[in-house]
Amino acid sequence: MGTKMGLALAAAVAFIVAGAGMLAVQAQNAPTPNAGKDAFNAECGACHMPFQPEFLPARSWQALMGNLSKHFGENAKLDAATTTAITDYLVSRAADTVNNRQALQGLSPQDVPLRITETPSWIREHRRVTAEVVARPEIKSKANCVACHRRAKLGVYED
Ligand code: HEC
Ligand code: HEC
């Protein structure tokens with residue numbers, strides 16, 4: 001193969017590769033209905049289970065998502081686009097958005113609980129769960145829903 005033809009071919013290949021790369025980037029940036037949910041499951045499920053958005057009002061999720069660098073002693077900060085996508089998803093499914101009366105019970109509009117486990121509803125539902133039980137090595141935290149509710153990740157909490 002002559003040098004000229006080789007160069008032309010190389011340029012053509014480079015052009016095609018660059019074009020494909022641009023398409024891939026476009027596809028990644030295109031908002032899809034599940035983008036926020038997928039990011040939520042991946043990012044917010046990295047340290048604990050991804051808690052169901054239906055347990056907290058929108059204002060709580062907005063407060064949590066607005067302060068991820070100081071997240072219960074951890075830095076959970078994400079880039080702006082991911083933060084927005086996750087916030088939109090959480091707000092679209094929040095307790096007050098979907099009118100989850102059970103989760104909202106006892107909360108006044110000024111209350112902005114940053115923990116599900118600090119909501120009046122959660123406290124009432126767990127009034128028979130003693131501190132000794134929570135302290136067991138296999139449980140350790142009230143926020144460890146999965147330790148007591150095997151199907152918590154599926155949103156199943158009965159029994
Ligand atoms: C780097 C680890 C880490 C990441 C990532 C993380 N969290 Fe957390 N999160 C924690 C820790 C630690 C706690 C406190 C757990 C405890 O008290 O047992 C917590 C607690 C929480 C609680 C309160 C649980 C309760 O007690 O009711 C919520 C709500 C929460 N996280 C939401 C999120 C959301 C939303 C995201 C994603 C944007 C996220 N977390 C990502 C570490 C993380
Ligand atoms: C130490 C064990 C334990 C942990 C941890 C725990 N739960 Fe529970 N939960 C229980 C028990 C036990 C009940 C049933 C209470 C009763 O009937 O007396 C319950 C009840 C509930 C209910 C009411 C179910 C219904 O039928 O209406 C919900 C909702 C719930 N838990 C959510 C959660 C969430 C969310 C978390 C984590 C943030 C969590 N729980 C963590 C033990 C636990």
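Going by the structure above, here's the rest.
Owing to the predicted nature of the structure, the values given are computational and were not obtained by experimental measurement.

Student: Describe the side chain of His126, listing the residues and the values that go with them.
Tutor: Along the chain, His126 falls in the loop between helix 6 (120-125) and helix 7 (131-134). Overall, His126 belongs to the buried group, its relative accessible area being 18%. In terms of polar contacts, His126 uses its side chain to reach the backbone carbonyl oxygen of Trp122, at 2.7 Å.

Student: Describe helix 3 (residues 58-65), with residues and values.
Tutor: Regarding helix 3, the residues found buried are Ala58, Ser60, Trp61, Leu64 and Met65. Angular distribution of buried residues about the axis of helix 3 spans 160 degrees; they occupy a single face of the element. Along its buried surface, helix 3 packs onto helix 4 (80-92).

Student: Explain the coordination of the iron atom of ligand 1 residue by residue, including any values.
Tutor: Distances from the iron atom of ligand 1 to its protein donors, His48 (NE2) and His71 (NE2), fall at 2.0 Å. One can describe the site at the iron atom of ligand 1 as octahedral: its six donor atoms subtend angles covering 87 to 179 degrees at the metal. Highlighted residues: His48 in the loop between helix 2 (35-43) and helix 3 and His71 in the loop between helix 3 and helix 4, separated in sequence by 23 residues. Among the residues examined, His48 registers a relative accessible area of 32% and is labelled partly exposed.

Student: Explain helix 4 residue by residue, including any values.
Tutor: If you check helix 4, its first and last C-alpha atoms are 18 Å apart, about what 13 residues at 1.5 Å a residue would give, namely 18 Å. For helix 4, the secondary structure elements touched by its buried residues are helix 2 and helix 3. Structurally, the start of helix 4 carries an N-cap: the backbone nitrogen of Ala81 is 3.1 Å from a side-chain oxygen of Asp79.

Student: Would you mind going over the nonpolar core in detail, with residue names and values included?
Tutor: Core analysis: the largest hydrophobic core is formed by 20 residues, its most contacted members being Phe40, Trp61, Ile86 and Leu90. Of all the secondary structure elements, the ones that give two or more residues to this core are helix 2, helix 3 and helix 4. By residue number, the principal contributor to this core is helix 3, which donates four residues. When sequence neighbours within four positions are dropped, the list of residues in contact with Trp61 reads Phe51, Gln52, Pro53, Leu56, Leu90 and Ala94.

Rules used throughout
- Residues numbered from 1 in each chain as written.
- Chains lettered and ligands numbered in written order.
- Predicted model: local features only at pLDDT ≥ 70, side-chain atom pairs only at ≥ 80, totals over all residues.
- Heavy atoms only, no water.
- Helix = DSSP H or I, 4+ residues; strand = E, 2+ residues; numbered from the N terminus.
- Buried < 20%, exposed > 50% of the residue type's maximum accessible area, 1.4 Å probe, protein only.
- Polar contact = N/O pair within 3.5 Å; in protein donor to acceptor, adjacent residues only side chain to side chain.
- Arc of directions from axis to C-beta.
- Contact = heavy atoms within 4.5 Å.
- Donors = N, O, S within 2.8 Å, 3.2 Å for Na, K, Ca; no water.
- Tetrahedral: all angles 85-135°; square planar, octahedral: opposite > 155°, others 65-115°.
- Expected span 1.5 Å × (residues − 1).
- Core = buried A, V, L, I, M, F, W, Y, C linked by side-chain atoms within 4.5 Å.

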